[in-house]
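# Observations on chain architecture
So you can see what is in the structure, the chains are spelled out below.
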Amino acid sequence: MEKKLSEMGYEEEGIVIKILGGLRYKIAGMGIRKGKGIKMMTKQPIKGPVVVTVDRSNTSIGLGLADKILVQVKK
Amino acid sequence: MGQANVGKSAFFNRLTGAKVAESNYPGTTVDFTKGHMLFQGEYVDLIDVPGTFSLQPKDKAEEVAVKMLGEEKEALVICIIDASKVERGLYLALEIIEKGYPVIIALNMWDMAKSVNVKVDTEKLEQILGVPVVPTVATRGEGFKELVSRMGQAAPVTIEEIIRSVGNSSRTHH
């Protein structure tokens, strides 16, 4: 199933399939790119950032950014 | 240079004998520090900069790092990468190489990477990138002799050359 990163639930895992807008270069330095495995670690309430794990490192991402990352979620 | 929390300041302290604040938190260094180290028989300046994800700065500390790199046109860059997160770190390393700086890559926290079973083929990485790659443990000083002795081998490489050698070697997964 395809979801926005911002819609993923706790502990949900998936693979990044699309990065919208010109954000590709902005987040490449964080290790997030198409084809990369990603896992949701923490979600903050009230439009707060999300924390995801990519390659064993935790990275926090603003919700605006997380809205623009599409993930194929593992069932 | 390197991303946040890869051990840049620990490196700096090792190489210069200085005591810059280091801690196990990303973003400890927010300004740059200059020091001296002995390299090929003479004292040269060594600059410790804040961590940055890429050369497109997103905050003040990253700006300091990127600006510093821009001002030091003659610099040799020691690019420090967390050995267990090589892919993430290579992005910045490649950006610096692309700018035409001679680069030497240090795969720091080599002991940590080992303990989580991450193995990196440094020879292959060296072949592909065309720059020296040295495993190090900054907190214990491991790999520093090799690092300093190989700094002279750092030479500018073009991205085209790297792309060509990536094409020639089969992709390795770590």
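Let us now look at the overall build of chain B. Within chain B one finds seven helices and five strands. Secondary structure of chain B in N-to-C order comes out as α-β-β-α-β-α-β-α-α-β-α-α. Taking the principal axes of the C-alpha coordinates as reference, chain B spans close to 40 × 40 × 35 Å. Residue burial in chain B is summarised as follows: out of 174 residues, 47% are buried. Contacts spanning at least 24 positions in sequence make up 65% of the contacts within chain B whose residues lie at least 6 apart. For chain B, the accessible surface area stands at approximately 9300 Å², while carbon and sulfur atoms represent 52% of it. Averaging the coordinates of the 19 positive side-chain charges in chain B and doing the same for the 23 negative ones gives two points 4 Å apart.

The strands that make up a sheet pair up through hydrogen bonds in the backbone, lying either parallel or antiparallel. All names here are of chain B. Taken in spatial order, the three strands line up as 3-4-5 in an open sheet, and their pairing is parallel. In the strand order of this sheet, the two ends are held by strand 3 (77-82) and strand 5 (133-135), each with one partner. Neighbouring strand axes in the sheet, compared pairwise and without regard to direction, differ in orientation by 25° on average.

Below, the discussion takes up the interface of chain A and chain B. Taken together, the twelve residues of chain A in the interface contact ten residues of chain B. Across the chain A to chain B interface the summed buried area is about 1000 Å²; carbon plus sulfur atoms make up 53%. Contact with chain B buries surface across chain A, with G29, M30 and R56 of chain A losing the most and accounting together for 44% of the total. At the junction of chain A with chain B, the criterion picks out two salt bridges. Across the pair E87 of chain B and K36 of chain A runs a salt bridge whose closest N-O atoms are separated by 2.5 Å. Between the two partners, chain A and chain B, sit four residue pairs in polar contact (both at pLDDT 80 or more). Counting only elements with at least two residues in the side of chain A that touches chain B, the list comes to helix 1 (24-28) and strand 5 (57-61) of chain A. With three residues, helix 1 of chain A is the largest single contributor of residues to the side of chain A that touches chain B. For the side of chain A that touches chain B, the class distribution of residues is three nonpolar, four polar and five charged.

It is worth spelling out the packing of aromatic side chains at this point. All names here are of chain B. The final tally for this structure, using the stated rule, is one aromatic pair over all chains. Between F11 and F144, the aromatic rings sit 4.6 Å apart at their centres with planes inclined by 45°, giving tilted as the arrangement. Placement of F11 in helix 1 (residues 8-16) and of F144 in helix 6 (residues 144-150) is noted, with a sequence separation of 133 residues between them.

So, on to the pattern of salt bridges. Enumeration over the complete set of coordinates arrives at eleven salt bridges over all chains. With a closest N to O distance of 3.0 Å, E12 of chain A and K3 of chain A form a salt bridge. On the basis of relative accessible area, K3 of chain A is assigned to the buried category, the value being 16%. Each of R33, K36 and D55 of chain A together with E87 of chain B takes part in one network of salt bridges that share partners.

Here we take up empty space enclosed by the protein. Residues and elements named next belong to chain B. This structure, assessed with the given rule, holds one cavity of 30 Å³ or more. Taken as a whole, the largest cavity spans an internal volume of roughly 30 Å³. What lines the largest cavity is Q3, V6, I80, I81, D82, K85, R88 and G89. Only strand 3 and helix 3 (86-98) provide two or more residues apiece to the lining of the largest cavity. Ranked by residues supplied to the lining of the largest cavity, first place goes to strand 3 with three residues.

Attention shifts here to the nonpolar core. Residues and elements named next belong to chain B. Residues M1, L90, I96, V103, I105, L107 and L125 are the most contacted members of the largest nonpolar core, which totals 32 residues. At the level of elements, helix 2 (60-71), strand 3, helix 3, strand 4 (103-108), helix 5 (122-129) and helix 7 (159-168) are the ones that each hand at least two residues to this core. Looking at this core element by element, the count peaks at six residues for helix 3. Among all residues touching I96, those that are not within four sequence positions of it are M1, L55, L69, V77, C79, Y101 and V103.

Residue and element names in this part refer to chain B. With respect to the element layout, R140 can be found in the loop between strand 5 and helix 6. On a C-alpha basis, the gap between R140 and L46 in space is 20 Å, while along the polypeptide they are 94 residues apart. Discounting chain neighbours no more than four positions away, the residues touching R140 are R14 and D111.

Cut-off values and rules
- Residues numbered from 1 in each chain as written.
- Chains lettered and ligands numbered in written order.
- Predicted model: local features only at pLDDT ≥ 70, side-chain atom pairs only at ≥ 80, totals over all residues.
- Heavy atoms only, no water.
- Helix = DSSP H or I, 4+ residues; strand = E, 2+ residues; numbered from the N terminus.
- Buried < 20%, exposed > 50% of the residue type's maximum accessible area, 1.4 Å probe, protein only.
- Contact = heavy atoms within 4.5 Å.
- Areas by Shrake-Rupley, 256 points an atom, 1.4 Å probe, with all protein chains shown as cover.
- Lys, Arg positive; Asp, Glu negative; His and termini not counted.
- Charge placed at Lys NZ, Arg CZ, Asp CG, Glu CD.
- Pairing = 2+ DSSP bridges.
- Axes fitted to C-alpha atoms, helices over the stretch in contact; angles between N-to-C directions.
- Buried area = accessible area lost by both parts, 1.4 Å probe.
- Salt bridge = Lys/Arg side-chain N within 4 Å of Asp/Glu carboxyl O.
- Polar contact = N/O pair within 3.5 Å; in protein donor to acceptor, adjacent residues only side chain to side chain.
- Nonpolar A, V, L, I, M, F, W, Y, C, P; charged D, E, K, R; others polar.
- Phe/Tyr/Trp six-rings, centres within 6.5 Å; stacked < 30°, edge-to-face > 60°.
- 1 Å grid on protein atoms, 1.4 Å probe; cavity = no way out; pocket = protein on both sides within 12 Å on 5 of 7 lines; lining within 4 Å.
- Points joined across faces, edges and corners; volume = space filled by probe spheres on them.
- Core = buried A, V, L, I, M, F, W, Y, C linked by side-chain atoms within 4.5 Å.

These values are about where atoms sit, not about what they do.
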